[in-house]
Amino acid sequence: MAKPTQAHMSRTVPRNQSEFFRQRTRSQMEYYMGAKLIEVGVNPKQAIYRWQTETKGNNEVWTYSAYWDESRTKLEAEEAASDAGGEGGDR
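One structure accompanies this document, and this report is about it. (Residues numbered from 1 in each chain as written. Predicted model: local features only at pLDDT ≥ 70, side-chain atom pairs only at ≥ 80, totals over all residues. Heavy atoms only, no water.)

Below, the discussion takes up the pattern of salt bridges. Counting across every chain of the model gives 5 salt bridges. Its salt-bridge partner being Glu60, residue Arg22 comes within 2.7 Å of it at the nearest N-O pair. In this pair, Arg22 is assigned in helix α1 (residues 19-39) and Glu60 in strand β3 (residues 59-67), connecting sequence segments 38 residues apart. Its salt-bridge partner being Arg50, residue Glu79 comes within 2.9 Å of it at the nearest N-O pair. Here Arg50 lies in strand β2 (residues 48-56) and Glu79 lies in helix α2 (residues 69-85), a separation of 29 residues in the sequence. You can call Glu79 buried: its relative accessible area is 14%. A relative accessible area of 31% places Arg50 in the partly exposed class. (Salt bridge = Lys/Arg side-chain N within 4 Å of Asp/Glu carboxyl O. Helix = DSSP H or I, 4+ residues; strand = E, 2+ residues; numbered from the N terminus. Buried < 20%, exposed > 50% of the residue type's maximum accessible area, 1.4 Å probe, protein only.)

This is the structure we're talking about:
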């Protein structure tokens, strides 16, 4: 069986939650992702991370993703190709 090269973690957060709690939730997710990567034998410094936010009614679904090895290489190549094709917009 192939070893995984990416991990994803999602949380549902109320849109009206205070900035303090939103920042705390982000920090917790980053901490737990790093701990999970160490648990499965991946150096957290070797991964790249991406956030995705989806609005669902009065909530937001935050997804924090980590990519390493082949997935990291593939994601970086895709992002480089999309940056080269556009005007270099903000991220």
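Another aspect to go through is α2. Along its 17 residues, α2 runs 25 Å from first to last C-alpha, staying within 8% of the 24 Å computed at 1.5 Å per residue. Of all the positions in α2, only Ser71, Leu75 and Glu79 are classed as buried. Around the axis of α2, the buried residues are gathered within 60° of arc, so they sit on the same side. The exposed residues of α2 that point more than 90 degrees off its buried face are Glu70, Thr73, Lys74, Ala81, Ala84 and Gly85. (Expected span 1.5 Å × (residues − 1). Arc of directions from axis to C-beta.)

This part is about the side chain of Thr25. The topology assignment puts Thr25 in helix α1. Within the local environment of Thr25, its side chain forms a polar contact with the backbone oxygen of Phe21, the two atoms lying 2.9 Å apart. Each residue touching Thr25, except ones within four places of it in the same chain, is listed here: Val13, Gln17 and Trp62. (Polar contact = N/O pair within 3.5 Å; in protein donor to acceptor, adjacent residues only side chain to side chain. Contact = heavy atoms within 4.5 Å.)

For α1, built from 21 residues, the straight-helix expectation of 30 Å at 1.5 Å per residue is met to within 8% by its first-to-last C-alpha distance of 30 Å. Structurally, α1 contributes buried residues whose contacts are with β1 (6-14), β2 and β3.

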